[in-house]
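Coordinates in review
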Amino acid sequence: MTTTKSTMHYPFWKLTEKGGVTLSISKLVKFLAKKGFGNFQTVEGRTQGKTLFFNNDGVLELHEPDSVKVWLTGYIESCKTTNDIEKEEVQDKIVKIAPSTLNNYLQALPIFSEEEFNDTIKLDIFRDDKENCYIPFKNGVVHISSNDIKLIPLENLTEKGNIWESSIIRKKIEILDQYMVTQSNYFRDFVTYALKKDILPVKGKNDIKLGTDNDRFNETLEAFETGFGFLIHSYQPSDEQKVVVFIDVESSPDRTEGRNGKSLCMEQLKNYRNTAFVNGKQFRKSMSESSRFNFSNVKIDTGFVFINDLNPDFDLTTMFSDITDEMTVEGKGTNKLVISKDKKPKMGITTN
C-alpha cells in the first residue's frame, strides 16, 4: 500500500505552532469513505444495526475500530509525501483514539445496502444463482453447474459484483476430473464406508464396491449427496428454506447411535464455505431468554452454520422461524443483525 501524492481529504490533520498535529474528524471520515470504508445495512430502517466494511477492489473486508486504526497507521507509514516526524505525530494521535470514540466517528460513513434502502447506497454482492455455484479459492473460483466443473479467475466474479473476503478459501484448488472418478479420494471413500451396513473395510483389500450394490445404500448415498450439495450451494430461495440433518439411520429416541462420521462429514463444509460452529449441547430452545444468543458467532459474511450434536430432547419445531424466516443474530453487548431469508447462511445439524 503506497501513495505518492495527497488525495482528496488527505492529509486529514493540521500542524500546530508547537510542532504537533490536530486531526480533522470530518476530513478523516471523508478520507476513509473515499478509500472504500462504509457501513452495510441488511434490513430497512434507519435505526437498524450496521456492519463496518472496507471495499478492497471488489473484495469486502469486515472491520472494527481497532483494525481501522491499523489500516490508517499503515497508510500513513507508506505515504511518501509526509516526513517521518509528522508521520509519528499523526500515528500517535490515531492510536490514542479510544475505540468507542472512533466507532462514533465511523457511524458517519456512507451506508450501503443490496436493496438500496432509504438513505443508503446500492452495493451489488455477487451470489450463486439457481443454475450455478461458485466457490472462491486462493488460485481461482470453482464454477459448478449441472454440466461442468471448472476453474475460473476470481476477476470473473468481482466484475459482476462484490464478494465477502471470508468467502475466499485460503487454499489452492485443482480440478482433477469432473467427478473425481479416476483419482483416489479419501473423503469419498470415507463416506462410502460410512453409508454401508454391516460391512467393515479390510486392511490391504480394495473392497470399496463391496456392499454398494443394493437399494438401501444407493438411496442413502443419493440423500447424502443431495444434502451436501445443497449446503455447498449458497443459493437460498425464499420459498424453499431448509435445514439438513445428519442422523444415524438406526437411532431412535430410546437408542442413540454415534461415531459413524456424521460430524466429520458435516464439518467438511468448512472447506467450501465460511463456517460458524454452534455447540448443540449449549443450543437453547426458542422459549428460553438466552436463545437469542444461539447464533451469536454468525456474521453477515457467514456461509454455513453447523450445529453439532444437538440434544436428544430438542424439539426442532422450536427453531422453525430460524429455518424459514429471517435470521436474527445477537451477541452479548452488540447490536442485533438481521439477515434476510434469501441471503442468510445454509444450516446443518448433527444429532445422535
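Since we're looking at a predicted model, the values are computed, not measured. (Residues numbered from 1 in each chain as written. Predicted model: local features only at pLDDT ≥ 70, side-chain atom pairs only at ≥ 80, totals over all residues. Heavy atoms only, no water.)

Topic: helix H6 (residues 186–195)
- Burial in H6 covers these residues: Val191, Thr192 and Leu195. Projected onto a plane normal to the axis of H6, the buried residues spread over an arc of 100° and lie on a single side.
- Residues of H6 that are buried sit in contact with helix H7 (215–232) and helix H8 (262–267).
- Structurally, the start of H6 carries an N-cap: the backbone nitrogen of Phe187 is 3.1 Å from a side-chain oxygen of Asn185. (Buried < 20%, exposed > 50% of the residue type's maximum accessible area, 1.4 Å probe, protein only. Helix = DSSP H or I, 4+ residues; strand = E, 2+ residues; numbered from the N terminus. Arc of directions from axis to C-beta. Contact = heavy atoms within 4.5 Å. Polar contact = N/O pair within 3.5 Å; in protein donor to acceptor, adjacent residues only side chain to side chain.)

Describing the packing of aromatic side chains
- Within the structure shown, the criterion is met by 23 aromatic pairs.
- Ring geometry for Phe54 and Trp71: centres 5.6 Å apart, planes at 55°, overall tilted. Taken together, the residues span a long stretch of sequence, with Phe54 in strand E4 (residues 50–56) and Trp71 in helix H2 (residues 65–78) at a distance of 17 residues. The pair formed by Phe54 and Trp71 is uniform in burial state, with each residue classed as buried. (Phe/Tyr/Trp six-rings, centres within 6.5 Å; stacked < 30°, edge-to-face > 60°.)

Some details on the side chain of Glu330
- As for its placement among the helices and strands, Glu330 is situated in the loop between strand E15 (327–329) and strand E16 (337–339).
- Judged by its relative accessible area of 12%, Glu330 is buried.
- Once residues within four sequence positions are removed from consideration, Glu330 is found in contact with Arg292, Phe293, Ser296 and Lys336.

A short note on the sheet that holds strand E5 (residues 59–62)
- With respect to topology, six strands assemble into an open sheet ordered E7-E6-E3-E4-E5-E11, the strand pairing being mixed. Both edges of this open sheet fall to strand E7 (121–122) and strand E11 (163–164), since each of them pairs with a single strand only.
- Sheet topology places E4 next to E5; four bridges connect them, and they run antiparallel. Within E5, the residue paired with Asn56 across the bridge is Val59. (Pairing = 2+ DSSP bridges.)

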